[in-house]
Amino acid sequence: MAKKSKSEERMERMKHHILVCRGPSCSQASSEDVLIAMRKHIKNENLDETVRITVTDCMLRCSQSPTVVVYPDGVWYQKMTIESAEKIIKEHLLREEIVVEKAQYRLVDGKFVLCKVRKGISK
């Protein structure tokens, strides 16, 4: 059996993938500050081996900027701030609870629906 690459080993440890929009509207709305805060809190909570952050171009949610999406749960967060970045890490990633006041959409049965879930990630 072939030895796994470091990349394959890291992917097996991944639990969450966070997409941070850096399109024009999100950038104007301080998405860089949100990105920095998320990276800081991921490091502080020792999640750097299980969480991946990817910066994206425009995700077409400009009126809700800055936008952040958390997978595999498919939760789209809107109007993010430095404070809500910390809350997403502590509540969504660590306690598996959607941050309701910032959640706009979530993936349910293969479709994105308005987020009306009050607690928990389960479907």
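Rules of the game
Residues numbered from 1 in each chain as written. Predicted model: local features only at pLDDT ≥ 70, side-chain atom pairs only at ≥ 80, totals over all residues. Heavy atoms only, no water. Phe/Tyr/Trp six-rings, centres within 6.5 Å; stacked < 30°, edge-to-face > 60°. Helix = DSSP H or I, 4+ residues; strand = E, 2+ residues; numbered from the N terminus. Buried < 20%, exposed > 50% of the residue type's maximum accessible area, 1.4 Å probe, protein only. Core = buried A, V, L, I, M, F, W, Y, C linked by side-chain atoms within 4.5 Å. Contact = heavy atoms within 4.5 Å.

In the annotation of an unreviewed UniProt entry, the protein chain is listed under the name (2Fe-2S) ferredoxin domain-containing protein and assigned to Paenibacillus spongiae.

(A) Local environment of the packing of aromatic side chains. As enumerated under the stated definition, the model contains one aromatic pair in all. Aromatic pair Trp76 and Phe112: ring centres 5.9 Å apart, planes at 80 degrees, arrangement edge-to-face. Note that Trp76 is positioned in strand β4 (residues 75–77) and Phe112 in strand β6 (residues 111–114), a separation of 36 residues in sequence. Given the relative accessible area of 16%, Trp76 is considered buried. Since its relative accessible area comes to 41%, Phe112 is described here as partly exposed.

(B) The arrangement of the nonpolar core in detail. Residues Ile18, Met38, Val68, Tyr77, Ile88 and Leu93 are the most contacted members of the largest nonpolar core, which totals 23 residues. Broken down by secondary-structure element, the contributors of at least two residues to this core are β1 (16–21), α3 (31–44), β2 (51–56), β3 (68–71), β4 and α4 (82–95). At five residues, the largest contribution of residues to this core is made by α3. With sequence-adjacent residues up to four places away left out, Leu93 is seen in contact with His16, Ile18, Leu47, Val51, Val70 and Ile88. In this structure, Leu19, Cys21, Met59 and Trp76 belong to the second largest nonpolar core, which totals six residues.

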